[in-house]
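Now for the letters of each chain:
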Amino acid sequence: MSYFAAAVVRDDSGWTAAEISLRGATDVEEVAERLRDVDPDAGLSLLFVEADDAYLVILRLDEGEDLRIFGSDSAYAEESRLGAMLVGDLKTSVTGLDDVEEPRPAAGGDDDAEQPAIDPEADPVGEADLLADLGISAQRLLSLCGHEGMLPADVTAEVCLVLGCADQVEDLREV
């Protein structure tokens with residue numbers, strides 16, 4: 001299984017991005033430690049792990065502590081060792097949806113034309129609200145991940161655009 005792991009860290013001067021290797025990591029805490037190593041003094045550290053154009057995992061550290069994780073699909077834990085390490089211990093349901101309403105079809109319109117196709121097979125896990133304070137609500141993140149045809153790289157690009165670090169992550173892809 002191939003993957004791309006982009007760390008974005010924010011400090012007083014703004015966002016910095018770095019690609020990190022997850023090879024040889026034995027557990028999610030070791031992955032978190034590699035994220036901390038990108039900038040030990042960062043106020044906010046995020047890691048986007050995209051695997052085989054099918055799965056996205058986002059890890060978040062605030063001030064280097066309080067690891068929070070979201071996975072786009074629990075099937076990733078069954079598909080690979082890396083997936084099992086990142087999302088295997090997460091609950092089988094998503095948290096952070098207390099105030100999330102189901103999207104409603106637009107009034108008077110064709111439901112299929114108005115609503116994006118949602119992947120019925122996706123089973124997201126973890127904390128969908130981990131980016132809510134940064135402008136990406138749980139509902140928006142779930143919608144992006146579940147939108148049929150959206151690749152993990154597309155979701156990462158959309159999220160990073162909102163966060164203001166899209167150029168930094170895109171630069172990593174071009175290397």
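Analysis parameters
Residues numbered from 1 in each chain as written. Predicted model: local features only at pLDDT ≥ 70, side-chain atom pairs only at ≥ 80, totals over all residues. Heavy atoms only, no water. Phe/Tyr/Trp six-rings, centres within 6.5 Å; stacked < 30°, edge-to-face > 60°. Helix = DSSP H or I, 4+ residues; strand = E, 2+ residues; numbered from the N terminus. Buried < 20%, exposed > 50% of the residue type's maximum accessible area, 1.4 Å probe, protein only. Pairing = 2+ DSSP bridges. Salt bridge = Lys/Arg side-chain N within 4 Å of Asp/Glu carboxyl O. Contact = heavy atoms within 4.5 Å. Patch = residues over 30% accessible without salt bridge, like charges linked within 9 Å, V, L, I, M, F, W, Y side chains within 5 Å. Areas by Shrake-Rupley, 256 points an atom, 1.4 Å probe, with all protein chains shown as cover. Lys, Arg positive; Asp, Glu negative; His and termini not counted. Charge placed at Lys NZ, Arg CZ, Asp CG, Glu CD. Polar contact = N/O pair within 3.5 Å; in protein donor to acceptor, adjacent residues only side chain to side chain.

Asks: Mind showing me how you'd approach the packing of aromatic side chains here?
Replies: To describe a pair of aromatic rings, you give the distance between the ring centres and the angle between the ring planes. Throughout the structure, instances matching the rule amount to 1 aromatic pair. For the pair Tyr 55 and Tyr 76, a centre-to-centre distance of 4.9 Å together with 20° between the ring planes defines the contact as stacked. Of this pair, Tyr 55 sits in strand S4 (residues 55-62) while Tyr 76 sits in helix H2 (residues 75-79); the two residues are 21 residues apart in sequence, bridging distant segments of the chain. Using a relative accessible area of 1% as the deciding quantity, one classes Tyr 76 as buried.

Asks: Can you help me understand the pairing of S4 in this one?
Replies: Within a regular beta strand, the side chains point alternately toward one face of the sheet and then the other, so they alternate between its two faces. For S4, a buried count of 7 out of 8 residues is recorded, marking the element as mostly surrounded by other parts of the structure. In this sheet, S4 lies alongside strand S3 (residues 44-51) in antiparallel orientation, the contact comprising 8 bridges. Within S4, the residue paired with Leu 46 across the bridge is Arg 60. The hairpin turn running from S3 into S4, its antiparallel successor, is 3 residues long, and Asp 52 in that turn takes a positive phi close to 45°. Counting the residues in the hairpin turn of S4 and strand S5 (residues 65-71) gives 2 residues, including Glu 63, whose phi is positive at 55°.

Asks: How do you make sense of the pattern of salt bridges when you look at a structure like this?
Replies: Should the charged atoms of two oppositely charged side chains come close, the side chains can pair. Scanning the entire structure with this criterion turns up 8 salt bridges. Among the ionic pairs, Asp 62 bridges to Arg 60, the shortest N-O distance being 2.9 Å.

Asks: Sorry, what's going on with the pairing of strand S1 (residues 3-11) here?
Replies: Relative to S3, S1 is paired through 8 bridges, and the arrangement is antiparallel. Residue pairing for S3: Arg 10 is matched across the bridge by Leu 44.

Asks: I'm lost on the side chain of Ser 45 in this one. Help?
Replies: Inspection of the secondary structure assignment puts Ser 45 in strand S3. Accessibility expressed as a relative area gives 3% for Ser 45, which makes it buried. When residues no more than four places from it in sequence are discounted, the contact partners of Ser 45 are Val 8, Val 9, Leu 35, Leu 59, Arg 60 and Leu 61.

Asks: I keep staring at a negative patch on the surface and nothing clicks. Help me out?
Replies: A cluster of acidic side chains, namely Asp 52, Asp 53, Glu 78, Glu 79 and Asp 154, defines a negative patch on the protein surface. With respect to the helices and strands, the residue Glu 79 is situated in helix H2. With relative accessibility at 48%, the residue Glu 79 sits in the partly exposed group.

Asks: Is there a simple way to explain the side chain of Asp 73 in this structure?
Replies: With respect to the helices and strands, the residue Asp 73 is situated in the loop between S5 and H2. On the accessibility criterion, Asp 73 (14% relative accessible area) is buried. Polar contacts involving the side chain of Asp 73 include one to the main-chain amide nitrogen of Ala 75, which spans 3.0 Å. Residues in contact with Asp 73, not counting those within four places in the same chain, are Tyr 55, Glu 121, Ala 122, Asp 123 and Pro 124.

No statement about biological role is implied by the geometric values presented.
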